[in-house]
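# Examining the three-dimensional arrangement
Now for the letters of each chain:
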Amino acid sequence: FSFAPLGPAIKKTLGLKKNDLLAANIASVLSTVFARFAIGPIMDVVGPRKGQAFILVFAAIPTFFAGLIQNVAGLAIVRALVGVVGAAFVGCQFWCSLMFTKEIAGTMNAIAGGWGNLGGGLTQIIMVGIFNM
């Protein structure tokens, strides 16, 4: 979520074109979609706790290296690898479905999903403020 508000600064710093940012965004979304399809069956086998832990640890590694990006290829690769963390949504929903009774599981899934989107929205606002400090 932090990339979008910083896109213009990243574009300028790396000397990218609009299509370069588009390619990186597509890589991120595609990896999220495929990761969500893959992680569902994996979590059916290993459970949401281990599946979620794997996703978060995996995504931490390319996130750490994001500051070393020097060109559009590096940006697209890091965006694709970090995009995998979007599959954490699957684990969140799975976990909520297991933790709450069927009478309130839908409500709790909605709250958990909405809370995650709230965090993404706040990140969009806060990242620009931090960058401009």
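Higher on the page you've got the structure.
What counts and what doesn't
Residues numbered from 1 in each chain as written. Predicted model: local features only at pLDDT ≥ 70, side-chain atom pairs only at ≥ 80, totals over all residues. Heavy atoms only, no water. Helix = DSSP H or I, 4+ residues; strand = E, 2+ residues; numbered from the N terminus. Buried < 20%, exposed > 50% of the residue type's maximum accessible area, 1.4 Å probe, protein only. Expected span 1.5 Å × (residues − 1). Arc of directions from axis to C-beta. Contact = heavy atoms within 4.5 Å. Axes fitted to C-alpha atoms, helices over the stretch in contact; angles between N-to-C directions. Parallel < 35°, antiparallel > 145°, perpendicular 65-115°, else oblique. Left-handed = near helix turned anticlockwise from the far one by under 90°. Phe/Tyr/Trp six-rings, centres within 6.5 Å; stacked < 30°, edge-to-face > 60°.

## Comments concerning the environment of asparagine 117
- Within the fold, asparagine 117 resides in helix H6 (residues 105–131).
- We classify asparagine 117 as exposed; its relative accessible area is 56%.
- For the pair formed by asparagine 117 and methionine 43, sequence separation is 74 residues and the distance between their alpha carbons is 22 Å.

## Quick notes on helix H3 (residues 48–65)
- Across its 18 residues, H3 extends 26 Å between first and last C-alpha, which sits within 8% of the 26 Å expected from 1.5 Å per residue.
- Turning to H3, its buried residues are Pro48, Gly51, Gln52, Ile55, Ala59 and Pro62. Projected down its long axis, H3 shows its buried positions confined to an angular sector of 100°, all on one face. Every exposed residue of H3 that faces more than 90 degrees away from the buried side is listed here: Arg49, Lys50, Phe54, Val57 and Phe64.
- In this structure, the buried residues of H3 make contact with helix H2 (18–46), helix H4 (72–83) and helix H5 (88–99).

## Remarks on the packing of H3 against H5
- The contact between H3 and H5 brings their axes to 9 Å, and the two run at 160°. Judged by the angle between their axes, H3 and H5 are roughly antiparallel. As H3 runs across H5, the sense of the crossing is left-handed. Of H5, the residues touching H3 (which contributes Pro48, Arg49, Gln52 and Ile55) are Ala88, Gly91, Cys92, Phe94, Trp95 and Leu98.

## What about the environment of arginine 49?
- Among the structural elements, arginine 49 can be located in helix H3.
- A residue is classified by how much of its surface remains accessible, and arginine 49, at 57% relative accessible area, is exposed.
- Sequence separation between arginine 49 and cysteine 92 is 43 residues; the distance between their C-alpha atoms is 9.3 Å.

## Focus: the side chain of serine 28
- Its place among the elements puts serine 28 in helix H2.
- Owing to a relative accessible area of 10%, serine 28 belongs among the buried residues under this scheme.

## Topic: the packing of aromatic side chains
- Inspection of every chain in the model, using the stated rule, returns two aromatic pairs.
- Residues phenylalanine 64 and phenylalanine 65 carry aromatic rings whose centres are separated by 5.1 Å and whose planes lie at 85° to one another, so their mutual orientation is edge-to-face.
- Of the residues examined, phenylalanine 64 reaches a relative accessible area of 66% and is grouped as exposed.

## Brief notes about H6
- In this model H6 runs 39 Å from its N-terminal to its C-terminal C-alpha over 27 residues, within 8% of the 39 Å that 1.5 Å per residue would give.
- Of the residues making up H6, those classed as buried are Ala105, Asn109, Ala112, Gly113 and Gly120.
- In this structure, the buried side of H6 is in contact with H5.

All quantities given are derived from atomic positions and should not be read as evidence of function.
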